[in-house]
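Observations on the model geometry
This is what each chain is made of:
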Amino acid sequence: MSNRPTGRSTGRPGPGRARLALALAALLGGGALTALPAQAAPAAADGLSVQYRTSAGGATADQTEPWLKVRNTGSSPVQLSQVKVRYYFKADSPSDTYRFACSWAVRGCSVVTGTFGTLGNPTATADRYLEIGFTQAAGTLAPGADTGDLQLRFHRANWQTLRQSDDYSFNGAQTSYANWDKVTAQLAGATVWGAAPEGNDPTDPTDPTDPPGGGQSLFDDFDYSSHTDPAISAHGWNVRANSGGPGVPGATWDPSKVTFVSAGGNSVMNLETSTAGTGASTTHTEVLTRATKFRNGTYAARVKFSDAPKSGPDGDHLVQTFFTINDLKAPMADDYAEYDFEYLPNGGWGEPANILYTTSWETYNPEPWQAVNQHSEQRRSYAGWHDLVVTIDDSAITYYVDGQHFGTHDAQYLPERPMSINFNQWLIDLNGQTSTAPRAYDQQVDYVLHVKDQVLTPAQVAAKVAGYRNAGTDFVDEVPAT
């Protein structure tokens, strides 16, 4: 079990600023207590089997429909988030991209993920695969139990007819569920069922989708209908509603101000912060992962910062963020960690105008205030869309903005414990604009990506995100619970 406060951006890197309300909230555990799922031990080698049938048995079809059931044939419960099932097929042309969909699942389509990969050793019947996974919300599979129906389908992105009769995993005659060893199943990274096309064992280190040294990813395209969409919680996010810091005393954190809109052909998450000049009229917004399971690796997001309000007078001391954080267990505790992108469009914390900070935290003391951190900054406007990347390995923390190096921070600031991933927008105070006229500000987020234990360049981040989108993948979470 992990006991932690609600995630938040701690604030300005420099010392000498009073942050007692925020620090006390963190110290006292101002947010909800979250129980992380226990890691189930992998079952024996015969711990899983996969049954298959198809509801589209023709040699050609508009879409391939592999329906699956995964059964636990071992003697221990299996955490479904540790299970990966691969269905192998031959692309209709080398340039084709495919789209995945879940039509229906006993456990709910929101807990089922589908991503496409390319085989390192193509054969006459397979050069691609569809990998089915499960989010943590899928829960466990008891010995002898199966998942029930997973009614899955995929199609060419252009919806042209596809040929499935030459696909390795396809069997048009199998219209009732039966064991099928031409799909593979992995449990905690070990293959426990099926046979891959020759030379393509799922654990083969030449497989580019399973690189050594980590590589499990979280990706979310924020394709949701509203803050009440059940998929948000199923995908591990919390839309904050509890009170407390940071920001204006008396302000509320309003989940209804987190909305999802279309921009540039993608669904983006919109965080709105508003005020009419009093604490009671001020609303902040925050979205964060419930799990604190992210540590070394690459973190990336595409974020739109705003210099001006969408309505009302300008000038408020606004903070727009993307960051990772864990809880401060005691003043100056040395296992605290936080890594921030913080944009102040109208200044604040003693700054007269717009500034972007990146800050790596070792620890702090709320009273008397003492900060141990390292930061980099640029004093200019960052209004508009920006690609933000921070990488953490065993030697340094490195920040990039729009593919350009922004700052590198020293090894003494490396994290000792896992963290959550967070976005929030809030007002430092009401001193920048004293008007009582209502005003509102937007911060938008296009996607978020974390790749565990691997340092990617900004170009590699862009390629990985493009790969997910070309495959029609809106969400995947392969990062194991700690």
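The structure we're discussing is the one just above.
Presented here is an overview of the structure given in this document. Along each chain, residue indices are assigned from 1 in the same order as the chain's sequence is written. Confidence filtering applies because this is a predicted model: local features only for residues at pLDDT of at least 70, side-chain atom pairs given and counted only at 80 or more, and all residues used for totals across whole chains, interfaces and linings. Note: side-chain values were computed over all heavy atoms of the structure, leaving out hydrogens and water.

Comments concerning the overall build of the chain
Our working rule: Elements are defined by DSSP. Helices are runs of H or I of four residues or more, strands are runs of E of two residues or more, and each kind is numbered from the N terminus. Throughout this description, buried means an accessible area under 20% of the type-specific maximum (1.4 Å probe, protein chains only), exposed means over 50%, and partly exposed covers the range between. Throughout, a contact is declared for two residues whenever any of their heavy atoms are within 4.5 Å. Where accessible areas are quoted, they stem from the Shrake-Rupley method and a 1.4 Å probe; at the residue level, only the protein chains shown are allowed to cover.
Across its full length, the chain carries three helices and 31 strands. Counting over 482 residues, the chain shows a buried share of 57%. Once local pairs closer than 6 in sequence are excluded, the contacts in the chain between residues at least 24 apart make up 75%. On the chain, roughly 17700 Å² of surface is accessible, and the fraction owed to carbon and sulfur atoms is 51%.

Some words on the state of the cysteines
So the rule is basically this: The disulfide definition used here is simple: a pair of cysteine sulfur atoms within 2.5 Å.
A full pass over the atoms with the stated rule returns one disulfide. With its sulfur 2.1 Å from that of its partner, Cys102 forms a disulfide with Cys109. Taking the torsion about the sulfur-sulfur bond, which here is approximately -70 degrees, the covalent link between Cys102 and Cys109 counts as left-handed.

Details of the environment of Gly139
Relative to the assigned elements, Gly139 resides in the loop between β8 (128–134) and β9 (140–141). Owing to a relative accessible area of 22%, Gly139 belongs among the partly exposed residues under this scheme. Excluding residues within four positions of it along the chain, Gly139 makes contact with Val78, Gln79, Leu80 and Arg107.

So, the nonpolar core
Which entries qualify depends on this criterion: Nonpolar cores are built from buried Ala, Val, Leu, Ile, Met, Phe, Trp, Tyr and Cys residues. Side-chain atoms within 4.5 Å join them into one set.
One finds Phe222, Met269, Phe322 and Phe423 to be the most contacted residues of the largest nonpolar core, which totals 40 residues. Broken down by element, this core gets its largest block of residues, four residues, from strand β21 (residues 297–305). Listed in part, the 33 residues of the second largest apolar core include Val83, Phe89, Ala105 and Ile132.

Concerning the packing of aromatic side chains
Quick reminder of the rule: Each Phe, Tyr or Trp ring (for Trp, its six-membered ring) is paired with any other whose centre lies within 6.5 Å, and the angle between the two planes then decides the class: stacked below 30 degrees, edge-to-face above 60, tilted in between.
Counted by the stated rule, this structure contains 27 aromatic pairs. Ring geometry for Tyr224 and Phe260: centres 5.4 Å apart, planes at 70 degrees, overall edge-to-face. Separated by 36 residues along the polypeptide, Tyr224 in the loop between β15 (217–220) and α2 (230–234) and Phe260 in strand β18 (residues 258–263) bring together distant segments of the chain. The buried category is assigned to Tyr224, whose relative accessible area is 7%. Each ring, one from Tyr343 and one from Tyr382, has its centre 6.1 Å from the other, and the planes form 75 degrees; the classification is edge-to-face.

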